[in-house]
Amino acid sequence: NAGVTQTPKFQVLKTGQSMTLQCAQDMNHNSMYWYRQDPGMGLRLIYYSASEGTTDKGEVPNGYNVSRLNKREFSLRLESAAPSQTSVYFCASSEERGMVVPYEQYFGPGTRLTVT
Amino acid sequence: QKEVEQNSGPLSVPEGAIASLNCTYSDRGSQSFFWYRQYSGKSPELIMFIYSNGDKEDGRFTAQLNKASQYVSLLIRDSQPSDSATYLCAVNIPRSYGQNFVFGPGTRLSVLP
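Residues numbered from 1 in each chain as written. Chains lettered and ligands numbered in written order. Predicted model: local features only at pLDDT ≥ 70, side-chain atom pairs only at ≥ 80, totals over all residues. Heavy atoms only, no water.

A. Spotlight on the interface of chain B and chain A. Every contact between the two is made by 23 residues of chain B and, on the other side, 23 residues of chain A. Approximately 1,900 Å² of surface area, both sides summed, lies buried where chain B meets chain A, with 59% of it carried by carbon and sulfur atoms. Scanning the region where chain B abuts chain A turns up four residue pairs in polar contact (both at pLDDT 80 or more). Secondary structure elements with two or more residues in the side of chain B that touches chain A: strand 4 (32–38), strand 5 (45–50), strand 9 (85–95) and strand 10 (98–103) of chain B. Ranked by the residues each element gives to the side of chain B that touches chain A, the list is headed by strand 10 of chain B, at five residues. (Contact = heavy atoms within 4.5 Å. Buried area = accessible area lost by both parts, 1.4 Å probe. Polar contact = N/O pair within 3.5 Å; in protein donor to acceptor, adjacent residues only side chain to side chain. Helix = DSSP H or I, 4+ residues; strand = E, 2+ residues; numbered from the N terminus.)

If you want it as structure tokens, here you go:
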């Protein structure tokens, strides 16, 4: 099992360019997440998908769009990149076990994005 | 007030000592609590989770939860230089659309040989 994979690992964009970050998981998880991590800020949720075909905004969704292509894949798109979007992006997935039993997230290796 | 707070550190402890990491949260609806370790340049990896008041032990790690005080901590006994990393506290908060994980900013731990 590869777990959670992300592509690309590194990317440099110019302001105004667009790109899509890809994420896939092979653990048959229903829930998938996109986070960004900035120094001193911890992980902040951009978008969340509870199941195939559904997506919801997280804490910092502005400037991003997502697609839950199927159960395995969840992509994040920057339509017009801005320097403020320079960050490390992590995709994660988790298994649903109900409201009381806790469940953990599994993270991909991250994409380091620089917007100049 | 931020939903999940941690001291940013760095917290420095000598090898073999006990490292104590603390986390407070604001939402009383929080149901489960997680500690992740993140090495520099790597992705977070789960160390422990806890959802009942009290202590939970796993090897050198002990998680402690006090829901009345809205406080969760992680103790690392016999600290090793390989424990040097950033430790993220995460809280699972039920939302109308499902579950939401809220992360603290992390505490950087340095274990000195």
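B. Looking closely at the pairing of strand 5 (residues 42–49) of chain A. Residue and element names in this part refer to chain A. Of all eight residues in strand 5, eight are buried, a share of seventy percent or more. In this sheet, strand 5 lies alongside strand 4 (residues 31–38) in antiparallel orientation, the contact comprising seven bridges. Note that in strand 5 the partner of Met32 across the bridge is Ser49. Taking the residues that link successive antiparallel strands as the turn, the strand 4-strand 5 hairpin has three residues, and the phi of Gly40 there is positive, at about 75°. Pairing between strand 5 and strand 6 (residues 56–57): two bridges, direction antiparallel. Residue Tyr48 lies in a different strand from strand 6, and its bridge partner there is Asp56. Counting the residues in the hairpin turn of strand 5 and strand 6 gives six residues, including Gly53, whose phi is positive at 90°. (Buried < 20%, exposed > 50% of the residue type's maximum accessible area, 1.4 Å probe, protein only. Pairing = 2+ DSSP bridges.)

C. A look at the environment of Glu73 of chain A. Residue and element names in this part refer to chain A. With respect to the helices and strands, Glu73 occurs in the loop between strand 7 (64–68) and strand 8 (74–78). Taking the C-alpha atoms as reference, Glu73 lies 12 Å from Gly108; in sequence the two are 35 residues apart. Leave out the neighbours within four places in its chain, and Glu73 touches Cys23, Ala24, Met32, Ser67 and Arg68. Only 2.7 Å separates the side chain of Glu73 from the side chain of Asn70, close enough to count as a polar contact.

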